[in-house]
Amino acid sequence: MMAQILRPHLRSASVIPNRMKMGPYLVVLRTRMMSTHKSKRNIREYYGLLNLDEGCSADDVRESFRKLAKQYHPDGGSSTADSATFIRIEEAYRKVLSHVIEQTNARQSKVEDTEEEEEKFKYKTPQHRHYLSFEGIGFGTPSQREKQYRQFRADRATEQVMEYQKQKLQSQYFTDSVTVKDVRHSKERKITQAIERLVEDLIQESMAKGDFDNLSGKGKPLKKFSGCSYIDPMTHNLNRILIDNGYQPEWILMQKEIKDTIDQLREAVLASRKKLGNPMTSAEQKQWNQVCEQFQEDIKKLNKRINDFNLIVPLLTRQKVHFDAQKEIARTQEIYTTLIKTKEITNKNPNNTDPGEGEKTPGVKTVFFNWMNLWKFIKI
C-alpha cells in the first residue's frame, strides 16, 4: 500500500532532473533561432536602406553607396545631409558588401566542386571508331576535321620532301658516314615492315570476305616473276598480282581523271565556239559569254581536284599547277582562228601535184604547216 502511494512521487522526482539537464540546451537553441532570424531581417533592412535587392553584385553596392553618400554625408554640402543617416548607410554598406562577397565566394566554390565532380566522373573510355578517322587528327565537326587533316597531310608531305632532299645531300657529300648508313638502313627496315604489315592485313581481310575462293590458281604454287638474283621474288610476285588484278595507286587514277577532264572541257568549249559565227552577233556574243562563265566554273572545280591530287602525290615533281580559265579561252580563240585560216587557204589552193615530178605545190605545203601549228595548239 505504501509503495503504491510513493510510486507517482518518485516518477515526478526522476523527471525533474532530466528537465533541468535539457533546460540550457533549449535556451541555446532558442537563442540561435532568434539570432538567425534577426540577422536575416537585418540584412534585408540593410538592402532596403541601400535601395538594393538581394542577389546584386559588389559593383552595384559600391555605386549605391556613392550616390547615398553624396546625399547624406555631413560634409557634402547637400540639403539632405544627415550624420545619423550616413552612419546607418555606412554600416549597411559594410554589412551588405561582406554578405555579397560571401555569397559570391560560396557560388564559386560550389561551381569548382561541381567541375571537380564532373571531371571525376567524366567519360574516359576510348572514342568510338568513326571518331578515329583522319588518323585521329583535328577536332570539331567532320568537315572541320577533314580540313585540318588535309592541312596535316600537306605539312607532312612538305616534311617528307625536306627529309628526302636532306638525305639526298647527305648521300652526295657524306656517302661513307656510318650515321647516314645506319639511318638509311633503319628507315628501309621500317618501310619494309610497314608494307609487310599492310599487305598482311589486306590479305587477311580479303580472305575473311572470301575474295580468294574463286581464284583460278587457288592451291597452286606461284611462279616467279623473274629469275634475276638481284630482285626479291616476293616483291615481284606481289607486283605481278597487283598488276594482274588492275590495281593502280589513287594518285595515278586522279591524274588520269584530271587529264581527261581538261581534254573534255577544251573540246567542249572549242565545239561551242565553232557553232557560233565569225564575227559573232550580239546574241551569239551573249551565248559565248555564258559558255565562258560555265567554263570558268568547271575550271574552278578542276583546280580543287588538283589541290587534292597535290596532297597525295608522292613526288614533288609530279604535282600540278592550276589551270587559268582566261588563258584557256584565249587558247581556244587562237585555235579557232587557225582553223578558219586553214579552211580559207584550203579553199583557195586545192591539192595539186605535178604528174612529172610528183612534187607538192606551195599551197599544199602552206596547208600542211598550218595543220602542224594547229596540232601543236591542240597538243598543248
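Residues numbered from 1 in each chain as written. Predicted model: local features only at pLDDT ≥ 70, side-chain atom pairs only at ≥ 80, totals over all residues. Heavy atoms only, no water.

### A look at the overall build of the protein chain
The secondary structure content of the protein chain amounts to ten helices and zero strands. Each helix and strand of the protein chain, ordered N terminal to C terminal, gives the series α-α-α-α-α-α-α-α-α-α. Contacts in the protein chain between residues at least 24 apart in sequence constitute 51% of all its contacts with a sequence separation of at least 6. Total accessible area computed for the protein chain in this model is approximately 30500 Å², and 56% of it derives from carbon and sulfur atoms. (Helix = DSSP H or I, 4+ residues; strand = E, 2+ residues; numbered from the N terminus. Contact = heavy atoms within 4.5 Å. Areas by Shrake-Rupley, 256 points an atom, 1.4 Å probe, with all protein chains shown as cover.)

### Things to note about helix H7 (residues 250–275)
When the terminal C-alpha atoms of H7 are compared, their 38 Å separation across 26 residues agrees well with the 38 Å that a helix rising 1.5 Å per residue should span. Turning to H7, its buried residues number three or more, namely Trp251, Met254, Ile258, Ile262, Leu265, Arg266, Val269, Leu270 and Arg273. Check the buried side of H7 and you find it contacts helix H8 (282–312) and helix H9 (325–348). (Expected span 1.5 Å × (residues − 1). Buried < 20%, exposed > 50% of the residue type's maximum accessible area, 1.4 Å probe, protein only.)

### Description of unusual backbone geometry
Positive phi, close to 60°, is recorded for Asn51, a residue that is not glycine. Here Asn51 lies in the loop between helix H1 (2–49) and helix H2 (58–72). You can call Asn51 exposed: its relative accessible area is 60%.

### Overview of the UniProt feature "coiled-coil region" (unreviewed entry) in the protein chain
Annotation from UniProt places "coiled-coil region" (unreviewed entry) at residues 285–312. With 100% helix and 0% strand, residues 285–312 has end C-alpha atoms that lie 41 Å from one another. (UniProt positions renumbered as here; feature names shortened; annotations may be inferred.)

### A closer look at a negative patch on the surface
Residues Glu112, Asp113, Glu115, Glu116 and Glu117 make up a contiguous surface patch of negative charge. Note on placement: Asp113 falls in helix H3 (residues 83–120). (Patch = residues over 30% accessible without salt bridge, like charges linked within 9 Å, V, L, I, M, F, W, Y side chains within 5 Å. Salt bridge = Lys/Arg side-chain N within 4 Å of Asp/Glu carboxyl O. Lys, Arg positive; Asp, Glu negative; His and termini not counted. Charge placed at Lys NZ, Arg CZ, Asp CG, Glu CD.)

### Observations concerning the packing of aromatic side chains
For the coordinates displayed, the defined rule picks out three aromatic pairs. Aromatic pair Phe65 and Tyr93: ring centres 4.2 Å apart, planes at 20°, arrangement stacked. Highlighted residues: Phe65 in helix H2 and Tyr93 in helix H3, separated in sequence by 28 residues. Summarising the burial analysis for this pair, Phe65 and Tyr93 share the class buried. With a centroid separation of 6.4 Å and an interplanar angle of 25°, the aromatic rings of Tyr149 and Phe152 are classed as stacked. Of this pair, Tyr149 and Phe152 both sit in helix H4 (residues 142–173), three residues apart, which is roughly one turn of the helix. Aromatic rings pair up to connect Phe65, Phe86 and Tyr93 into one cluster. In this arrangement the basic side chain of Arg273 is found over the ring face of Trp288, its NZ or CZ atom lying 5.8 Å from the centre. (Phe/Tyr/Trp six-rings, centres within 6.5 Å; stacked < 30°, edge-to-face > 60°. Lys NZ or Arg CZ within 6 Å of the ring centre and 35° of its normal.)

### Describing the confidence of the model for the protein chain
In the predicted model, the protein chain carries a mean pLDDT of 76, and 71% of its residues have values of at least 70. Here H1 stands out as the element of the protein chain with the lowest mean pLDDT, 55, in contrast to H8, whose mean of 92 is the highest. This model gives residues 15–22 a pLDDT under 50, and the stretch forms zero contacts once residues within four places in sequence are excluded. Confidence over residues 25–29 falls short of pLDDT 50; this stretch has zero contacts with residues more than four positions distant or in other chains. (pLDDT = per-residue confidence, 0-100.)

### Some details on the environment of Trp251
Along the polypeptide, Trp251 turns up in helix H7. Apart from the residues within four sequence positions on either side, Trp251 is in contact with Phe309, Ile312, Val313, Pro314 and Arg318.

### Topic: the pattern of salt bridges
A full pass over the atoms with the stated rule returns nine salt bridges. Among the ionic pairs, Arg150 bridges to Asp308, the shortest N-O distance being 3.5 Å. One end of the pair, Arg150, is in helix H4; the other, Asp308, is in helix H8, with 158 residues separating them in the sequence. On the basis of relative accessible area, Arg150 is assigned to the partly exposed category, the value being 37%.

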